[in-house]
Each structure stands twice: as structure tokens, then as C-alpha cells.
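Structural overview for review
What follows is each chain in one-letter form.
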Amino acid sequence: MRTPIGRYVDTEKEVVLLPNGERLTEQIIDEIVADVHAQLGRPSLTAPGRRSPVVSLRFAQETYDKLDRRAAAQGRPRSALIRDAVAAYLANTA
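We now turn to the structure provided with this report. (Residues numbered from 1 in each chain as written. Predicted model: local features only at pLDDT ≥ 70, side-chain atom pairs only at ≥ 80, totals over all residues. Heavy atoms only, no water.)

**What to know about the pattern of salt bridges**
Scanning the entire structure with this criterion turns up three salt bridges. Salt-bridge contacts for Asp68 lead to Arg78; the nearest nitrogen and oxygen are separated by 2.6 Å. Remark: Arg78 occurs in helix H3 (residues 78–91) and Asp68 occurs in helix H2 (residues 61–74); sequence separation between them is ten residues. The exposure class assigned to Asp68 is partly exposed, which follows from its relative accessible area of 33%. (Salt bridge = Lys/Arg side-chain N within 4 Å of Asp/Glu carboxyl O. Helix = DSSP H or I, 4+ residues; strand = E, 2+ residues; numbered from the N terminus. Buried < 20%, exposed > 50% of the residue type's maximum accessible area, 1.4 Å probe, protein only.)

Structure representation (C-alpha cells):
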């Protein structure tokens, strides 16, 4: 018998079986959630397990278009070009 899993499941009262026949428990749910969170997003630029700060920028359309073309020509994301440019600028200013 298939049991539809809704948004909330009371694992103390409801028996939900995983495809391998194991009963779904809060511990298993926590493990699944931790695995999913570990796979989400991009790798940290700071250190493994640490969040990298995010900066939002606005550009004039012409500058954005040039950035977009350069990134496409190099096969790299725009963000990588921006990081490189900021790092080079900061390396040259003390």
C-alpha cells in the first residue's frame, strides 16, 4: 500500500516506508535534509563548510553586455571575471 506523504508527517503516528523497506524516522529525515543541504549551492570560496559573502552589483547596460560577451568568449561565469577584476584591483592598491 502506498502512503501519500503530505507536507507534514508525524513519524511517531504514521508508518512511512522507504523504498528499501526501512521505516522513515526523524533521524533519517534529518540525515536526508543534511545531505540535501550539503549539495545545494556552490562551493564556498572561503573554506569548506563556511559561507562566502555575497555582493550584489548594478551595471550600466553597456558594461553588462561587455562583461557578458567576455565571459561567454572565455567560457567562464560573469562572477568569476568580476572576482578576478576586483582581486587584481585590490592587489595593485595598498
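Still to come is the rest of the account.
**Overview of the packing of H2 against H3**
Interaxial distance between H2 and H3 falls to 9 Å at its minimum, and their mutual angle equals 105°. Considering their axes alone, H2 and H3 lie roughly perpendicular with respect to each other. Taken together, the residues of H3 that come into contact with H2 (itself represented by Tyr64, Leu67, Asp68, Arg70, Ala71 and Gln74) are Arg78, Leu81 and Ile82. Along the lines of polarity and charge, the residues of the contact of H2 with H3 split into five nonpolar, one polar and three charged. (Axes fitted to C-alpha atoms, helices over the stretch in contact; angles between N-to-C directions. Parallel < 35°, antiparallel > 145°, perpendicular 65-115°, else oblique. Contact = heavy atoms within 4.5 Å. Nonpolar A, V, L, I, M, F, W, Y, C, P; charged D, E, K, R; others polar.)

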